[in-house]
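Here is how the chains run, residue by residue.
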Amino acid sequence: MNSKISSSSEPPPAAVDPNPKPARGGLFNNLKVVFIAGIILATLFTGWTEPGLLPSSLADRFNSALQPAESGIEGVYPTPTSRNLEHIGIVAGHSGNDSGAVCPDALGGIREVDVNLDVAERVRSSLEREGFQVDLLTEFDPLLRNYRALVLVSIHADSCQYINDQATGYKVAAAMSTTYPERALRLTNCLRTRYANATGLSFHAGSVTDDMTNYHSFEEINSNTPAAIIETGFLNLDRDFLTQQPDLAAKGISDGILCYLRNEDIPTQTAP
Ligand SMILES: [Zn+2]
């Protein structure tokens with residue numbers, strides 16, 4: 001393109017050009033405009049592919065102007081102004097406080113807090129890989145006071161006592177004392193379906209307790225933060241699963257959170 005423009009800007013042989021001067025000037029001006037526009041576009045293009053010829057701050061501004069809205073989540077939430085809304089909170093149940101349920105020595109002396117922390121750290125890693133900022137919180141973390149985030153999930157496991165042969169499976173309960181109960185319901189349903197898909201465990205609906213629905217963190221956090229608590233399985237009958245396949249438990253939880261955040265399809269269900 002450059003060689004064409006420079007050759008056509010040379011004065012053509014007089015005999016071949018019957019046109020009066022103004023028209024030729026017009027053509028030349030048009031070519032000049034095209035040429036300058038080309039330079040500007042090329043510079044801009046270089047600017048947003050790499051630092052290029054522009055000062056880096058200007059290049060950054062072009063880059064950010066071209067970025068889609070932060071990970072597409074803003075479409076779901078009407079108030080994306082706070083930086084904290086990009087966070088996800090994961091509570092490793094009992095961590096920093098007590099052991100939770102403990103198995104007798106004959107069953108390996110496994111402590112709930114260790115199982116919870118293992119799963120919670122895996123959930124954090126997988127959500128960070130998806131680009132979220134994850135706060136891994138202790139049971140009574142000072143950060144929980146008025147905590148604001150896209151979502152908060154507290155991870156626990158159930159008793160190691162043998163109750164009966166039906167004491168197997170997982171439970172999910174949401175904070176319904178929230179500004180947006182429909183979001184809490186959706187979060188619960190996402191966790192239920194995705195956890196079942198990832199783990200093959202069944203939902204143990206019969207024993208969702210007041211301890212779960214009135215979970216202390218639900219009262220502390222900001223009422224705009226959707227929150228849920230999951231019991232990942234029973235330390236007695238689901239012990240092998242929880243200790244040998246914590247990656248699947250973590251996948252179920254992070255898939256459930258992503259299902260909620262990305263507004264994925266779920267079968268319509270009512271909350272327990
Ligand atoms: Zn617990």
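Everything numeric in this text was worked out from a predicted model, so none of it was measured. (Residues numbered from 1 in each chain as written. Predicted model: local features only at pLDDT ≥ 70, side-chain atom pairs only at ≥ 80, totals over all residues. Heavy atoms only, no water.)

Q: Give me helix H5 (residues 181-199): which residues, what numbers.
A: Look at H5: 27 Å from first C-alpha to last across 19 residues, which is about the 27 Å you get at 1.5 Å a residue. Gly200 sits one or two positions beyond H5 and adopts a positive phi of about 75°. (Helix = DSSP H or I, 4+ residues; strand = E, 2+ residues; numbered from the N terminus. Expected span 1.5 Å × (residues − 1).)

Q: Explain helix H9 (residues 246-261) residue by residue, including any values.
A: Here H9 is 16 residues long and its end C-alpha atoms lie 23 Å apart, about the 22 Å a rise of 1.5 Å per residue gives. Within H9, 12 of the 16 residues are buried, which leaves the element mostly enclosed by the surrounding structure. Listed in full, the buried residues belonging to H9 are Pro246, Ala249, Ala250, Gly252, Ile253, Ser254, Gly256, Ile257, Leu258, Cys259, Tyr260 and Leu261. Just past H9, the residue Asn263 takes up positive phi, approximately 55°. (Buried < 20%, exposed > 50% of the residue type's maximum accessible area, 1.4 Å probe, protein only.)

Q: Describe in detail the pairing of strand S2 (residues 133-137), supporting the description with residues and values.
A: Direction of pairing for strand S1 (residues 87-92) relative to S2: parallel, over a ladder of 5 bridges. Counted as the bridge partner of His87 is Gln133 from S2. With helix H4 (residues 112-129) bridging S1 and its parallel neighbour S2, the resulting β-α-β unit is right-handed. (Pairing = 2+ DSSP bridges. Right-handed = clockwise from strand over helix to strand, strands pointing away.)

Q: Account for the coordination of the zinc ion, naming residues and giving values.
A: Coordination of the zinc ion by the protein is provided by His94 (NE2), Glu112 (OE) and His156 (ND1), with metal-donor distances spanning 2.1 to 2.2 Å. Of note, the donors binding the zinc ion are all from one chain and are spaced H-x17-E-x43-H. Here the residue His94 occupies a position in the loop between S1 and H4, and His156 occupies one in strand S3 (residues 151-158), the gap between them amounting to 62 residues. His156 matches His94 in its accessibility class, with the two residues each being buried. (Donors = N, O, S within 2.8 Å, 3.2 Å for Na, K, Ca; no water.)

Q: Requested: an account of the side chain of Thr199, with residues and values cited.
A: Looking at the secondary structure, you find Thr199 in helix H5. When its relative accessible area of 13% is taken as the criterion, Thr199 is described as buried. Here the side chain of Thr199 touches Tyr195 through a polar contact of 2.7 Å, landing on its backbone oxygen. Within the structure, Thr199 has its side chain in polar contact with the backbone nitrogen of Leu201 (distance 3.1 Å). (Polar contact = N/O pair within 3.5 Å; in protein donor to acceptor, adjacent residues only side chain to side chain.)

Q: Any details on the sheet that holds S3? Residues and values, ideally.
A: With mixed pairing, 5 strands are arranged side by side in an open sheet as S2-S1-S3-S5-S4. Here the strands that pair on one side only, and so sit at the sheet edges, are S2 and strand S4 (171-174). Within this sheet the neighbouring strands show an average axis-to-axis angle of 20°, counted without direction. Across the sheet, H4 touches S1, S2 and S3, and the angle it forms with S3 is around 145°. (Axes fitted to C-alpha atoms, helices over the stretch in contact; angles between N-to-C directions. Contact = heavy atoms within 4.5 Å.)

Q: Report on the pairing of S3, specifying residues and quantitative values.
A: Most of S3 sits inside the fold, with 8 of its 8 residues counted as buried. Residues of S3 alternate between two faces, with Val151, Val153, Ile155 and Ala157 on one and Leu152, Ser154, His156 and Asp158 on the opposite face, all of them buried. As paired strands, S1 and S3 are joined by 5 bridges and run parallel to one another. Bridging across to S3, Ala92 finds its partner in Ile155. The sheet contact formed by S3 and strand S5 (residues 227-234) spans 6 bridges and is parallel. Bridge pairing in S5 links Val153 to Ala228.

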